[in-house]
Amino acid sequence: MNEDILNMSIRKFLKKVGITSQREIEAAVRKHIENGELTDTPSFAISVQLHAPELELDHKIDGKIELK
């Protein structure tokens, strides 16, 4: 195993996840605000599931997004 290749590959994947996730969350928030569905909501719960069957990895990350 080449540590540098592994590190760069993980970073590339996480960058893709981060950028894509931010766009999707922002679009969903805008949609719900436009529909009047988040008017009184100061925050909402969010989670992401990290799953890699070959590594027997299944990890859930919970968080909260603040709107106000």
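Below, the structure is looked at part by part. Here the structure is a predicted model, which is why all the values come from computation and not from measurement.

Definitions and limits used
- Residues numbered from 1 in each chain as written.
- Predicted model: local features only at pLDDT ≥ 70, side-chain atom pairs only at ≥ 80, totals over all residues.
- Heavy atoms only, no water.
- Helix = DSSP H or I, 4+ residues; strand = E, 2+ residues; numbered from the N terminus.
- Rg over C-alpha atoms; globule rule 2.2 N^0.38 Å.
- Buried < 20%, exposed > 50% of the residue type's maximum accessible area, 1.4 Å probe, protein only.
- Salt bridge = Lys/Arg side-chain N within 4 Å of Asp/Glu carboxyl O.
- Pairing = 2+ DSSP bridges.
- 1 Å grid on protein atoms, 1.4 Å probe; cavity = no way out; pocket = protein on both sides within 12 Å on 5 of 7 lines; lining within 4 Å.
- Points joined across faces, edges and corners; volume = space filled by probe spheres on them.
- Nonpolar A, V, L, I, M, F, W, Y, C, P; charged D, E, K, R; others polar.
- Patch = residues over 30% accessible without salt bridge, like charges linked within 9 Å, V, L, I, M, F, W, Y side chains within 5 Å.
- Areas by Shrake-Rupley, 256 points an atom, 1.4 Å probe, with all protein chains shown as cover.

Counting its regular elements, the protein contains one helix and two strands. Helices and strands in the protein line up, N terminus first, as α-β-β. Whereas a compact globule of 68 residues would reach a radius of gyration of roughly 11 Å, the protein reaches 16 Å, over 25% beyond that. Taken along the three principal axes of its C-alpha coordinates, the protein extends 50 × 20 × 20 Å. Here the protein holds 68 residues, and 4% of them are scored as buried.

This brings us to the pattern of salt bridges. Using the criterion set out here, one finds two salt bridges in the structure. Here aspartate 62 ties to lysine 60 by a salt bridge, and the two come within 3.7 Å at their closest N and O atoms. Here glutamate 66 and lysine 64 are joined by a salt bridge, their closest N and O atoms 3.4 Å apart.

In this sheet, strand β2 (residues 57-66) lies alongside strand β1 (residues 43-52) in antiparallel orientation, the contact comprising 10 bridges. Looking at β2, one finds that isoleucine 46 is bridged to glycine 63. Between β1 and β2, which pair antiparallel one after the other, the connecting turn spans four residues, and glutamate 56 there sits at a positive phi close to 55°.

Moving on to the layout of surface pockets. Empty space among the atoms becomes visible once a probe the size of a water molecule is rolled across them. Computed from the structure, the largest pocket encloses a volume of approximately 430 Å³. Lining the largest pocket we find 16 residues, and of these Val17, Ser21, Val48, Gln49 and Ile61 sit closest to its centre. Put simply, the parts of the chain that give the lining of the largest pocket at least two residues each are α1 (3-34), β1 and β2. Ranked by the residues each element gives to the lining of the largest pocket, the list is headed by α1, at seven residues. Residues that form the lining of the largest pocket fall into these classes: 10 nonpolar, five polar and one charged.

Before going further, it helps to spend a moment on a nonpolar patch on the surface. A grouping of Met1, Leu6, Ile10, Phe13, Leu14, Leu50, Leu55 and Leu57 is seen on the molecular surface, where their side chains present a nonpolar patch of about 810 Å² in accessible area. Per-element tally for the nonpolar patch: the top contributor is α1, with four residues. Within the secondary structure layout, methionine 1 lies in the segment before α1.

Take unusual backbone geometry next. Here the phi dihedral of glutamate 56 falls at roughly 55°; this positive angle occurs in a residue that is not glycine. Inspection of the secondary structure puts glutamate 56 in the loop between β1 and β2. When its relative accessible area of 78% is taken as the criterion, glutamate 56 is described as exposed.

Spatial relationships are all this shows, so hold off on functional conclusions.
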